[in-house]
Structures are given as structure tokens and as C-alpha cells.
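# Inside the fold
Given next are the chains, with one letter for each unit.
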Amino acid sequence: MRHPQRLSVPVHLERGLIEPLQDQLAGQLRRAIVRGQLAPRSRIPSTRTLAGVLGISRGVALAAYERLLAEGYITGRHGSGTYVCERTSAPPRPAAATEPVVDLRLDRPSSHGFPLAAWRAAWRRAGLHRPPLGGLPAAGLPALRAAIAAHLQDARGLDLDGHEVIVTPGRADALRLLLRAQGGPDPVIALEDPAPPELRDTLGRLGTVLPLPSDGSGARTDRIPATCDVVVVLPERGGPLGTRLPLERRRDLARWAHDSGGLVLEPAFDGLFTAEPDPLPPLPALADPWSTALAGSFSEVLTPTLRLAFAVVPRRLAGEIEQVMPAGPAITAQLAVTELLTSGCVSERVAGLSAQYAAKRALVRQALEAYPHTRLLGAHTGATATLLLPESVPATSVVAALRARRIQVAELAAYHHPGVRPGNGIVLGFGHLDGMSLRRALHALTRTLGEHHLTRRTAA
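Given the structure is predicted, the values throughout are model-derived calculations rather than measurements. (Residues numbered from 1 in each chain as written. Predicted model: local features only at pLDDT ≥ 70, side-chain atom pairs only at ≥ 80, totals over all residues. Heavy atoms only, no water.)

The strand order E13-E14-E17-E16 describes an open sheet built from four strands, whose pairing is antiparallel. Looking at the sheet topology across the chains shown, the edges are occupied by strand E13 (375-377) and strand E16 (410-411). Strand direction decides the pairing type here: E13 and strand E14 (residues 384-388), joined by three bridges, are antiparallel. Each bridged residue has a counterpart across the sheet, and for Arg375 the counterpart in E14 is Leu388. Sheet strands touched by helix H12 (residues 345-368): E13, E14 and strand E17 (425-429). Its angle to E13, the strand with the most contacts, is close to 170 degrees. Here helix H13 (residues 395-404) sits on the sheet and contacts E16 and E17; the angle it forms with E17, its principal contact strand, is near 45 degrees. (Pairing = 2+ DSSP bridges. Helix = DSSP H or I, 4+ residues; strand = E, 2+ residues; numbered from the N terminus. Contact = heavy atoms within 4.5 Å. Axes fitted to C-alpha atoms, helices over the stretch in contact; angles between N-to-C directions.)

What follows is the structure, given as C-alpha cells:
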């Protein structure tokens, strides 16, 4: 009978980390093999033995071994056990075509820690309600509208006195209703530039979009086009540069709206995810309630597939909007989201994602802030960051080199209005990535920057 093989290297697993246990285990064993702490041809413990030693499930150990087996670090011998592979002059690597693609172009929420039990319970209880015989209120269930208002008060310090909350099937519907109510069938829209491409595309289908230049302090309020009906800005986290609109420019926007009769519209992305107190008042708190509006959803906190969003509209527009409202979200969706908001589930999810993203942002900053000829922007809130490159290193070349390594990133040029000279940089969306995938992507990026003759600062 074969005796169980003992583990000859220290392994320390932490359950409180974002990185899954199997990724932690695979990473530590991989390092031990590369450093020679686990010698070639040496037998390592079985998954059952290792699970018992480390106090983990056998499934965790098996997942870690399967990854190392696929990467060529270990091999199994039928009836004999698992052994460390012979090392060649270079560390074993899987063939490029077999490596999974890591897509940093997508700014999706993390699925880790999703409140599945609360989600299921809310939808189950919502399904027990009979739809009202007279139909749903055009603006949404009163309880849901009150819950959204309370959420915005807690999350953003937003007092909605002078505004009304209207529930819509999606954020695009909220934008359409606001723009048509303010600017008619073909509103002229000044959009902060750069801005997320999907936002520009949505607004472009609803009106005529003009670029509003921005700088390191956000939208240039001194460059608002004279002919526009609506100014669309991202004051809390201007994407993709991560800028925050300072107080004086917020006041300038309020003055523009008051003097012109125009509307200041903020697409209220829910993925700020920062625990730091906000000393700046939100735009609707500064301006006349008649001239500010907000459109948001719960796509980044809950799921992009949820067909429910909201518009925070001036009362002067609320009645007109309600008269042209399309069919709203289903009653089950409205009831479920009401419960998720009032039970505290959404606020707890925000807190959980804030902690997750803070750890991921720290990895991004650690990897990319030490390059003296680049600038890392937006890596202190949210789950995206932008790396500005020197003119000698074209972003297209970096993107192509990363694609060869099966890492996909977006060029900053895609975020600019057509005809505007784009910035030279790449945009990284990492909220949806697990720890190992993010580390792999950052490792590939630093190697690529090195190949483009960009060197890191060394500690003094």
C-alpha cells in the first residue's frame, strides 16, 4: 500500500481574498515548481491528501491540479500518483491557441458574491402577487419609486425635492423620454468627450450629438455649444478618464441651464464603488430642479439583464413624460426590485463590490503606476482605468501585441467623438475578472510595455 505523500512546501490560503482558493493554491504550487522548491519528478500529494492537510474541499484541490496539469507543470501517472514535470530552459506554457481570452474591453459587474438567495426570494415573493386589474401606474409602482429615491439619497446624498422618479424598462428609454420632453423630436445634445461609446451611440439615435471637450477636471463648461438643448455630462466619474467635475464647473452648468432654459442630464452609472466620503454636492442639488435630470439603472450592482431602470425628471417634465410612457417593466420585476432595495440587499451589494473592486484597483495601480512615461487615470474608483501612452508608443501597436497574447483591450480612440483628435491610450475594464485572470492580463501588459521600450521606475 502506498503511503500518502506529504506536502514539502508551505501553502497559505486565505478565504477572505477575492482570488478563489483554487487559484491561490495553483499559484503557490506553480511558484514552488518554478523556484525549484518542488523538484522535477518528485511526487506531490493526492488531491484527497492535500485537501485534508489544508482544510479545503477536494474539489478545490482538484481544480488547482487540473490547471497545473493543463499548463504542463505536473503530470499524472496511472496507478502511481501525480508528479512534477521535467523543466526545460523556459517555464512550461500552454500553447497560445489553448489559453482562454481575457477580455478587458467589457465593463461588466463581478458575479462574485452575488446575493443569489435574496434575489431568488425577492422574485419568488413577487410572483405571488396578482397584477392590478386597472393596470400599472404609468410612472411605476409608488413603493418602487420611493425606494429608488431613498437609495439615491443614501448612495449619492441626492434630495429629490423638485424632481420625480419615473420607472422605465431600460436606461435608453429613460434617456429618450427626457430628451424628447426637453428638445423635441431632434434635440441637440452636447456630450462630454471622451465618453463611453455605447452612451454616444444611444444618444446619436435620439438626436444630434456635439462633442463637449473635457480636460483633467472634466467637461469644459466654457465650451458648451450655443445651440444645444441638453448637456450630458459624467460629473462623478467621467469615463473613461475617471475625472470628477469640480464645484465651480458644477455651478457653471447650473448657471448655463438657468440662463438658457436647457437641461443638464447625468447618466447615473451605479458603479462608482468607493467608500470615500464625497465632499461635492450632486448636480441636481446645485441647480434649479427645473433644469437637471438623471437617468440610471441597477445594471452594475445587480445585472445588465434586468429590464428595469429609472429617470429622475424635473416636475415640469414629469406630466408630459407620463403621458407618452411606453409599457413599463413587468409588475414582478418592479416588486422584486422594490424588495431588494428596501431590504438593504442592494446597499450591501454595493459595499461588497466596493471592497472587491478596491482590491482589483490596487493590483492595477501596482502593475501600471510605476511607468514614468505613461499616466494611469481612473484607477481610484469604479472598475475601469485608462493608461495614457507616449506618442512614441501607438496604442494600436500595444493592442495588437496584447491580442497576440490573447488579451483584449479597447483603444481610447473608440471613446472619442468622430472627428475629434483622439488620445493615445488603452482602456481596461476589469470588474468582471477573477484575480488570476486579472494578474495574467497585467503580466501580459507589462511584458508588452517592456517590448515597446517602456521601463518601470525602480525603488531608490
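Moving on: helix H8 (residues 247-260). Residue pairs spaced three or four apart in an α-helix point in one direction, given the helix's 3.6 residues per turn. For H8, which comprises 14 residues, the first-to-last C-alpha distance of 20 Å matches the rise-based estimate of 20 Å (1.5 Å per residue) to within 8%. Those residues of H8 that sit buried are Arg249, Arg250, Leu253, Ala254, Trp256 and Ala257. Down the axis of H8, the buried side of the element spans an arc of 160 degrees, and every buried residue falls inside it. Turned more than 90 degrees away from the buried face of H8, the exposed residues are His258 and Asp259. Looking one or two residues past H8, Gly261 carries a phi angle of roughly 75 degrees, positive in sign. (Expected span 1.5 Å × (residues − 1). Buried < 20%, exposed > 50% of the residue type's maximum accessible area, 1.4 Å probe, protein only. Arc of directions from axis to C-beta.)

When its volume is computed, the second largest pocket comes out at roughly 1100 Å³. As for the second largest pocket, its lining consists of 46 residues, of which Asp107, Arg171, Glu198, Phe269 and Glu300 are closest to the centre. Elements with a contribution of two residues or more to the lining of the second largest pocket: helix H6 (171-183), helix H7 (197-204), strand E10 (263-268) and E17. Among the residues making up the lining of the second largest pocket, the classes are represented as 25 nonpolar, 10 polar and 11 charged. (1 Å grid on protein atoms, 1.4 Å probe; cavity = no way out; pocket = protein on both sides within 12 Å on 5 of 7 lines; lining within 4 Å. Points joined across faces, edges and corners; volume = space filled by probe spheres on them. Nonpolar A, V, L, I, M, F, W, Y, C, P; charged D, E, K, R; others polar.)

Moving on, we get to empty space enclosed by the protein. The full count for this structure, using the stated rule, is two cavities of 30 Å³ or more. Of the volumes computed, that of the second largest cavity is approximately 40 Å³. What lines the second largest cavity is Glu192, Pro194, Ser214, Asp215, Gly238, Gly239, Leu241 and Thr243. Grouping the constituent residues of the lining of the second largest cavity by class yields two nonpolar, four polar and two charged.

So, on to the environment of Gly262. Mapping Gly262 onto the fold places it in the loop between H8 and E10. Expressed as a C-alpha distance, the spacing of Gly262 and Thr292, which sit 30 residues apart in the sequence, is 8.8 Å. Residues in contact with Gly262, not counting those within four places in the same chain, are Gln182, Asp229, Trp256, Ala257, Ser291 and Arg316.

Formed by 33 residues in total, the largest nonpolar core has its most connected members in Leu368 and Ile426. Of all elements in the fold, only H12, E14, H13, E17 and helix H14 (435-451) reach the threshold of two or more residues within this core. Setting aside residues no more than four positions away along its own chain, Ile426 makes contact with Ala385, Thr386, Leu387, Ala395, Val398, Val399, Leu402, Val409, Ala410, Glu411, Leu412 and Leu445. Judged by nonpolar contacts, the second largest core, of 29 residues, contains Leu294, Leu306, Ile331 and Ala333. (Core = buried A, V, L, I, M, F, W, Y, C linked by side-chain atoms within 4.5 Å.)

We now examine the confidence of the model for the chain. Summing up the model confidence of the chain, the mean pLDDT is 86 and the portion of residues at 70 or higher is 90%. Residue range residues 88-96 is modelled with pLDDT below 50. Its contacts to residues more than four positions away, or to other chains, number 10 contacts. (pLDDT = per-residue confidence, 0-100.)

Following the criterion strictly, the structure yields three aromatic pairs and no others. Residues Phe114 and Trp119 carry aromatic rings whose centres are separated by 5.6 Å and whose planes lie at 65 degrees to one another, so their mutual orientation is edge-to-face. The exposure class assigned to Trp119 is buried, which follows from its relative accessible area of 18%. Joined through ring pairs, the aromatic side chains of Phe114, Trp119 and Trp123 make up one cluster. (Phe/Tyr/Trp six-rings, centres within 6.5 Å; stacked < 30°, edge-to-face > 60°.)

Looking now at the pattern of salt bridges. Close approach of charged atoms allows side chains of opposite charge to pair. The final tally for this structure, using the stated rule, is 14 salt bridges. Across the pair Arg125 and Glu339 runs a salt bridge, and its minimum N-O distance is 2.4 Å. One end of the pair, Arg125, is in helix H4 (residues 116-126); the other, Glu339, is in helix H11 (residues 331-342), with 214 residues separating them in the sequence. By relative accessible area, Arg125 is classed as partly exposed at 40%. Given a relative accessible area of 22%, Glu339 falls into the partly exposed group. Asp222 is the salt-bridge partner of Arg220, the closest N and O atoms lying 2.9 Å from each other. (Salt bridge = Lys/Arg side-chain N within 4 Å of Asp/Glu carboxyl O.)

This part covers the side chain of Thr384. Mapped onto the fold, Thr384 is located in strand E14. What makes Thr384 buried here is its relative accessible area of 11%. Not counting residues up to four positions away in its chain, the partners in contact with Thr384 are Asp107, Arg237, Gly378, Ala379, Leu428, Gly429 and Phe430.

Each regular strand displays side chains that alternate between the two surfaces of the sheet. Within E14, five of the five residues are buried, which leaves the element mostly enclosed by the surrounding structure. Because side chains alternate across E14, one face comprises the buried residues Thr384, Thr386 and Leu388, and the other comprises Ala385 and Leu387, equally buried. Between the antiparallel neighbours E13 and E14 lie six residues, among them Gly378 with a positive phi of about 75 degrees. Direction of pairing for E14 relative to E17: antiparallel, over a ladder of five bridges. By the bridge assignment for E17, Thr386 is matched with Val427.

Now for the sheet that holds strand E8 (residues 218-219). Ordered by their spatial adjacency, eight strands build an open sheet running E5-E12-E11-E10-E9-E6-E7-E8, and the pairing between neighbours is mixed. Among the strands making up the open sheet, the edge pair consists of strand E5 (163-168) and E8. Sheet analysis places strand E9 (residues 230-232) next to E10, joined by three bridges and oriented parallel. Bridge pairing in E10 links Val232 to Leu265. Its contacts with the sheet place helix H5 (residues 142-156) against E5, E10 and strand E12 (309-314), and it is angled at close to 115 degrees to E5. This element, H6, spans E5, strand E6 (188-193), E9, E10, strand E11 (292-297) and E12 of the sheet and lies at about 160 degrees to E11.

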